[in-house]
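Results of the structural survey
Now for the letters of each chain:
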Amino acid sequence: MTETLHARAVLLDMDGTLVDSTAVVERLWLEWAQPHGLDPATVLRVIHGRQGHQSMSILLPERDHAINLHENTVMLANESSDVEGVVEITGAAALLQALLPHPHAIVTSANVELMTARMGAAGLPLPALTITAESVSASKPDPEGFLRAAADLGVNPADCIVFEDSGAGIQAAHAAGMRVIGVGPHAHAHDPEVQVDDLTRVAVTATDNGFTLTIG
C-alpha cells in the first residue's frame, strides 16, 4: 500500500531514525545501570529517545538530580568517543539528499558533540538546522524541540512531518501537533501515522506549496 503525505518541513530524530547506534547505547547504559541493581529490561525500555539525565531521574527517582546531570555529562562524553558499530539507517543518506531543497532539521536528545560524532561515523551530512540538548529546556516527550524547529524554519507545526523511532519521540511530535512516520520495528506500538522498517521506501516530490512524501 502506498501512502502520500503533504508537508512543508521534515523534522528528523537521529538515533534509531537516521543512525543505528543501538548497540553502543545499550551497552553503555547497561554498564551504568549494573551498580544500581536495575532491571536491564526496564533500563532499555526507558532510555531511548530521552536525554540521559531524564532517563536517570526515571530510573532512580529518589536520587539528587545534580548527580544525574553530572553522570549524564560523563555518559555523553563516553558515547561521543565510542562510535564502534554506528551505521546509517538504510536509506538515510538518500533521504537527506532528497530533502536538501526543502526545509528540514534534526531534532535530537543528543548534544552537539554526540550528534556530530554519530552522524560522522555513519557518513551522513548535518542539515543547516539542528535542535540538540543544548537548544531546549525540556527533553522528549516534551514537544519543545519539535516546536522550536518548526518556529526556526517558519513552518506551522501542522505542516511538519516527523521521522521518529521511539515512544518518547513520537509522543513529543504528536504533542506538538505534528504527523509522524515511525521508523523501525518498534515504532508501530506508539501509533505513528505511517510506519516504515527503514528509509528506503520514502520518496520526496516537490509541489507548488511544499512537497509530498510518498511511502510505497
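Below: a short report on this structure.

Most of strand β7 (residues 160-164) sits inside the fold, with five of its five residues counted as buried. Direction of pairing for strand β2 (residues 9-12) relative to β7: parallel, over a ladder of four bridges. Within β7, the residue paired with Leu 11 across the bridge is Val 162. By the bridge criterion, four bridges tie β7 to strand β8 (residues 179-183) in an arrangement that is parallel.

One finds Leu 18, Trp 32, Met 119, Phe 163, Ile 181 and Leu 213 to be the most contacted residues of the largest nonpolar core, which totals 46 residues. Counting residues per element, this core draws most heavily on helix α1 (residues 22-33), which supplies six residues. Each residue touching Trp 32, except ones within four places of it in the same chain, is listed here: Leu 38, Met 56, Leu 59, Leu 60, Arg 63, Glu 71 and Met 75. Listed in part, the 20 residues of the second largest apolar core include Val 107, Leu 129, Cys 160 and Ala 173.

Evaluated as defined, the whole model comprises one cavity of 30 Å³ or more. Its boundaries defined by the atoms lining it, the largest cavity holds a volume of some 80 Å³. Taken together, 13 residues form the lining of the largest cavity, with Thr 108, Val 136, Ala 138, Lys 140 and Gly 145 sitting closest to its centre. In the lining of the largest cavity, the residues fall into five nonpolar, six polar and two charged.

The next subject is the side chain of Asn 111. Relative to the helices and strands, Asn 111 resides in the loop between β5 (104-107) and α6 (112-121). The exposure class of Asn 111 is buried, given its relative accessible area of 13%. Within polar-contact distance, the side chain of Asn 111 engages the backbone nitrogen of Leu 114 at 2.9 Å.

As a further point, take the packing of helix α3 (residues 52-59) against helix α4 (residues 65-81). Running from N to C, α3 and α4 cross one another at 135°; their axes reach a closest spacing of 8 Å. Taken together, the axes of α3 and α4 lie oblique to each other. As α3 runs across α4, the sense of the crossing is right-handed. Where α3 approaches α4, its residues Gly 52, His 53, Met 56 and Ser 57 are matched on the opposing element by His 65, Asn 68, Leu 69, Glu 71 and Asn 72. Of the residues assigned to the contact of α3 with α4, the class counts are two nonpolar, six polar and one charged.

Read from one edge to the other, the open sheet built from six strands follows the order β6-β5-β2-β7-β8-β9, with strand pairing classed as parallel. Where the open sheet ends on each side, the last strands, each with one partner, are β6 (129-131) and β9 (194-196). Sheet twist, expressed as the mean angle between neighbouring strand axes with direction ignored, is 20°. Both β2 and β5 contribute to a ladder of three bridges, which runs parallel. In the strand pairing of β5, Leu 11 is matched with Ala 105.

According to the stated counting rule, one finds one aromatic pair in the structure shown. Both rings, one in Trp 29 and one in Trp 32, keep their centres 5.2 Å apart while their planes meet at 70°; by these two values the pair is edge-to-face. Residue Trp 29 and its partner Trp 32 are both found in helix α1; the two are separated by three residues, about one turn of the helix. This pair shows no difference in class: Trp 29 is buried, exactly as Trp 32 is.

Reading the values: the criteria
Residues numbered from 1 in each chain as written. Predicted model: local features only at pLDDT ≥ 70, side-chain atom pairs only at ≥ 80, totals over all residues. Heavy atoms only, no water. Buried < 20%, exposed > 50% of the residue type's maximum accessible area, 1.4 Å probe, protein only. Helix = DSSP H or I, 4+ residues; strand = E, 2+ residues; numbered from the N terminus. Pairing = 2+ DSSP bridges. Core = buried A, V, L, I, M, F, W, Y, C linked by side-chain atoms within 4.5 Å. Contact = heavy atoms within 4.5 Å. 1 Å grid on protein atoms, 1.4 Å probe; cavity = no way out; pocket = protein on both sides within 12 Å on 5 of 7 lines; lining within 4 Å. Points joined across faces, edges and corners; volume = space filled by probe spheres on them. Nonpolar A, V, L, I, M, F, W, Y, C, P; charged D, E, K, R; others polar. Polar contact = N/O pair within 3.5 Å; in protein donor to acceptor, adjacent residues only side chain to side chain. Axes fitted to C-alpha atoms, helices over the stretch in contact; angles between N-to-C directions. Parallel < 35°, antiparallel > 145°, perpendicular 65-115°, else oblique. Left-handed = near helix turned anticlockwise from the far one by under 90°. Phe/Tyr/Trp six-rings, centres within 6.5 Å; stacked < 30°, edge-to-face > 60°.

Spatial relationships are all this shows, so hold off on functional conclusions.
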